[in-house]
Amino acid sequence: MTYPPPPPAQPPPYGVPQGSYPTQQPDSNLVWGILATVLCCLPLGIVSIVYASKVSGLWAQGRYPEAQEASANAKKWAIWSAVAGVIFGIIYAIIAVAAGGFSYMSYS
Amino acid sequence: MHVRSLAAPLVVGVAAAGACAALWVANPTVPGGILPACPTKALLGIDCPGCGSLRMIYSLLHLDVASAVHYNALGLVAVLLLVWAFAAWSYGRLVGRRVSSWQHLRWSAPTALALTLAWFVVRNLGFGPFPALYV
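The structure displayed is predicted, hence computed values, not measured ones. Throughout, a residue's number is its position along its own chain's written sequence, starting from 1. Here chains are named by letter from A upward and ligands by number from 1 upward, in the order in which they appear as written. In keeping with the predicted nature of the model, local features appear solely for residues at pLDDT of at least 70, side-chain atom pairs appear and are counted solely at 80 or more, and the whole-chain, interface and lining totals rest on all residues.

> In this structure, what is going on with the overall build of chain A? I would like to understand it.
Counting from the N terminus, the helices are the DSSP runs of H or I reaching at least four residues and the strands are the DSSP runs of E reaching at least two. Scanning chain A from N- to C-terminus turns up three helices and zero strands. What you see in chain A, going N to C, is helices and strands ordered as α-α-α. Residues are called buried when their C-beta atom has 20 or more other C-beta atoms within 10 Å, exposed when it has 12 or fewer, and partly exposed otherwise; all C-beta atoms are positioned from the backbone. Counting over 108 residues, chain A shows a buried share of 33%. In chain A, once contacts between residues fewer than 6 apart in sequence are set aside, the share between residues at least 24 apart is 58%. By the criterion used throughout, residues are in contact when their C-beta atoms, derived from the backbone, lie within 7 Å.

> Would you take a moment to explain unusual backbone geometry for this structure?
Positive phi, normally seen in glycine, also occurs at Asn29(A), with a value near 55°. Overall, Asn29(A) belongs to the buried group, with 27 C-beta atoms counted inside 10 Å. Backbone geometry places Asn27(B), a non-glycine residue, at a positive phi of 45°. By the element assignment, Asn27(B) lies in the loop between helix H1 (7-26) and helix H2 (39-44).

> Sorry, what's going on with the interface of chain A and chain B here?
The accessible area lost on association of the parts is a frequent measure of interface size. Opposite the 21 residues of chain A that make contact, chain B presents 21 residues. Those elements that place two or more of their residues in the side of chain A that touches chain B are helix H1 (30-38), helix H2 (42-60) and helix H3 (64-107) of chain A. Per element, the largest residue contribution to the side of chain A that touches chain B is eight residues, and it comes from H2(A). Three categories are distinguished: nonpolar for Ala, Val, Leu, Ile, Met, Phe, Trp, Tyr, Cys and Pro, charged for Asp, Glu, Lys and Arg, and polar for the others, with Gly belonging to the last. Looking at side-chain class alone, the side of chain A that touches chain B contains 16 nonpolar, five polar and no charged residues.

> Where do I start with the confidence of the model for chain B in this structure?
As a general rule, the predicted coordinates of low-pLDDT regions are not to be interpreted in detail. Think of pLDDT as the predictor's per-residue confidence, scored from 0 to 100. Confidence along chain B averages 90 in pLDDT terms, with 98% of residues attaining 70 or more. Reported for the predicted complex are a pTM of 0.80 and an ipTM of 0.84.

> Please explain helix H4 (residues 65-95) of chain B as it appears in this structure.
The α-helix advances 3.6 residues per turn, and as a result positions three or four apart in sequence lie on the same side. Taking 1.5 Å of rise per residue, the 31 residues of H4(B) would be expected to cover 45 Å, yet its terminal C-alpha atoms sit only 33 Å apart, more than 12% below that figure. Along H4(B), the sharpest kink reaches roughly 110°, centred on Asn72(B). Those residues of H4(B) hidden inside the fold are in contact with H1 of chain A together with H1, helix H3 (53-61) and helix H5 (108-122) of chain B. Once H4(B) finishes, Gly96(B) follows within two positions and takes phi at roughly 75°, a positive value. Each residue after the first adds 1.5 Å to the expected span of a helix. The seven residues ending at a residue and the seven starting there each receive a fitted axis; the angle between those axes is the bend at that residue.

> Honestly, the nonpolar core in this entry has me stumped. Any pointers?
The tendency in soluble globular proteins is for nonpolar side chains to be buried as a group. In this usage, the nonpolar core is the set of buried Ala, Val, Leu, Ile, Met, Phe, Trp, Tyr and Cys residues whose C-beta atoms join them within 7 Å. Judged by nonpolar contacts, the single largest core of 30 residues is most densely connected at Leu30(A), Ile34(A), Ile49(A), Ala52(A), Val55(A), Ala74(A) and Ala109(B). The element best represented in this core is H2(A), accounting for eight residues. Setting aside residues no more than four positions away along its own chain, Ile49(A) makes contact with Leu30(A), Gly33(A), Ile34(A), Thr37(A), Ala109(B), Ala112(B), Leu113(B) and Thr116(B). The next biggest cluster of nonpolar side chains, apart from the first, holds eight residues, and it includes Leu54(B), Tyr58(B), Ala68(B) and Tyr71(B).

> Could you clarify how one ought to interpret the environment of Leu35(B) in this entry?
Residue and element names in this part refer to chain B. You can see Leu35 is positioned in the loop between H1 and H2. Separated by 67 residues in the primary sequence, Leu35 and Trp102 have C-alpha atoms spaced 31 Å apart. When residues no more than four places from it in sequence are discounted, the contact partners of Leu35 are Ala26, Pro28 and Leu54.

> Just checking my understanding: could you explain H5(B) for this structure?
Residue and element names in this part refer to chain B. For H5, which comprises 15 residues, the first-to-last C-alpha distance of 21 Å matches the rise-based estimate of 21 Å (1.5 Å per residue) to within 8%. Listed as buried for H5 are Ser108, Ala109, Ala112, Leu113, Thr116, Trp119 and Phe120. For H5, the arc enclosing every buried residue in end-on projection is 135°, short of the 170-degree limit, so these residues lie on one face. Of the exposed residues in H5, those oriented more than 90 degrees away from the buried face are Ala118 and Val121. Along the arc lie the directions from the helix axis toward the C-beta atoms.

Right under this line is the structure:
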């Protein structure tokens, strides 16, 4: 089976800066930062919101690589926040199960 | 219609519903339950901006808005905004285009940051009316 050849690449529209920068402001990932902060992993969630709050300002100043970096950092810290929350939950569960087992042994 | 593109919102919705169901059963408003306290509170003894959120959502599920406000007023606002963002995102997936929501506004992130930091401070103040905010 043969596939039709891919359509020729569209030339970039006039006036758009050449290079790897997108023409749209990167997502600030603010929703994830707020989600991480509300669901309790404080320092990391706030770091995510700090980066999110830099994105549109940097973009408005034309500092596109820095805006993209801030966007990526906001996402990264929200993810680390979630990971830290899960790890804390697992440790808590292990301690709770262990403590429950010990108290069961000593009081039964 | 892009029904297949609704798969991702559906996954998020089901996950959130499952979390709410677990929260309903576990009842975080009774001390000593199976749900862990916030790590910040457990380690440092202070309220973080997210402290009380589980109890706030539990109260909200039971339509007890007054208790929800008491447990975490800013968290309640955040939950409403998150539901809004989720609805806009799901609608955008359905109609096949990017639907703008509050988080894309110019000052949303700086405002969220300022409110979060202010909330972090005031709920840990030990004088005047502020201790009422400590949960």
